[in-house]
Amino acid sequence: MSGTLIGTFYGVGVGPGPAGYLPVAALEALRAADLIYAPRARGVQDSVALQCLAGTGFTPAPAQLREIEFNMDPDRSVLSEHYAQLADAIARELRAGRTVAYLTIGDSMTYSTYGYVLAALRARIPELPQRTFPGVTSYAAAAAAMAWPLGEGKERVLILPCPESADELRREIETHDIVVLMKVGARLPWVLDLLREMDIAQHCAFARRIGLPGELLSTDVGALEANEAMGYLATLLVRRKPSVQR
């Protein structure tokens, strides 16, 4: 392999679901890639990242595609080992001169597995040629889908992975105008109870699987049933006070 140029590594944010949310420059990179890595959550049959390519006019050839199964284990050592093995596999392809693209849901650098993969690759190939393409975040897509202004004037907006306790979340809501709540998961029942208790549920919004089968959109979460709404790819938009017409 002496003298072989290292291939370029692309990170591509494919958007949270609706067809056509992929940047044109990123689509051109995918078409030029020798290999495309697509993450898939353990226990899920289809990669959501691949589903997000629908409507772009581009479908990876079977020989071009590498699906990788992710298990977001709370044990950091297990996760580190997973990323190390993935980075080793991608590094071998890059050292062979192949161009490799990595798909990620939403924006490439916002709570994304891509950031971990990129760091692991740079540790192995310090001179790594790479380019990261931004994508549409879940909260930007949710706000657009529901015509829900995500910050007006000088409103303070906090992007927050859901805390483990209601008291902590209450403090964050009380000190910000809008809270974008991500990674809610099984915490949704007590989160909804808190919003109702604070009497703000009626001007909070919820989105799940935007643009995909099973989509759920609500601009008044007061009547939302947690057991029906829980699931992967969910985002809550919390407004402390009603929006004021300016």
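Conventions adopted
- Residues numbered from 1 in each chain as written.
- Predicted model: local features only at pLDDT ≥ 70, side-chain atom pairs only at ≥ 80, totals over all residues.
- Heavy atoms only, no water.
- Pairing = 2+ DSSP bridges.
- Helix = DSSP H or I, 4+ residues; strand = E, 2+ residues; numbered from the N terminus.
- Axes fitted to C-alpha atoms, helices over the stretch in contact; angles between N-to-C directions.
- Salt bridge = Lys/Arg side-chain N within 4 Å of Asp/Glu carboxyl O.
- Buried < 20%, exposed > 50% of the residue type's maximum accessible area, 1.4 Å probe, protein only.
- Core = buried A, V, L, I, M, F, W, Y, C linked by side-chain atoms within 4.5 Å.
- Contact = heavy atoms within 4.5 Å.

Quick look at the sheet that holds strand β9 (residues 216-218)
With respect to topology, five strands assemble into an open sheet ordered β6-β7-β10-β8-β9, the strand pairing being mixed. The open sheet is flanked by β6 (157-161) and β9, the only strands paired with a single partner. When the angles between neighbouring strand axes are averaged without regard to direction, this sheet yields 15°. Taken together, the five bridges between β6 and strand β7 (residues 178-182) define a ladder with parallel strand orientation. Each residue of the ladder has a partner; that of Pro161, found in β7, is Met182.

Comments concerning the pattern of salt bridges
Under the definition given, this model contains seven salt bridges. Across the salt bridge formed by Arg98 and Glu93, the nearest N and O atoms sit 2.7 Å from each other. Residue classification places Arg98 among the partly exposed residues on the basis of a relative accessible area of 36%. One salt bridge connects Arg239 with Glu155, and the closest N-O pair in it is separated by 2.8 Å. Of the two residues, Arg239 sits in strand β10 (residues 234-239) while Glu155 sits in the loop between α5 (138-145) and β6, which places them 84 residues apart along the sequence.

Looking at the pairing of β10
Within β10, six of the six residues are buried, leaving the element largely enclosed by the surrounding structure. Side chains Ala234, Leu236 and Val238 project from β10 onto one buried face, and the interleaved Thr235, Leu237 and Arg239 project onto a second face that is buried too. Summarising the sheet, β7 and β10 pair through four bridges and their orientation is antiparallel. For Leu181, the partnering residue across the bridge sits in β10 and is Leu236.

Observations concerning the nonpolar core
If you look at the biggest cluster of nonpolar residues, it comprises 25 residues, and the most contacted ones within it are Ile173, Leu181, Leu195 and Val221. Ranked by the residues each element gives to this core, the list is headed by helix α7 (residues 188-197), at five residues. With sequence-adjacent residues up to four places away left out, Leu195 is seen in contact with Ile173, Ile200, Ala201, Cys204, Val221, Leu236 and Val238. Membership of the second largest hydrophobic core comes to 21 residues, among which are Leu35, Ile68, Leu94 and Leu118.

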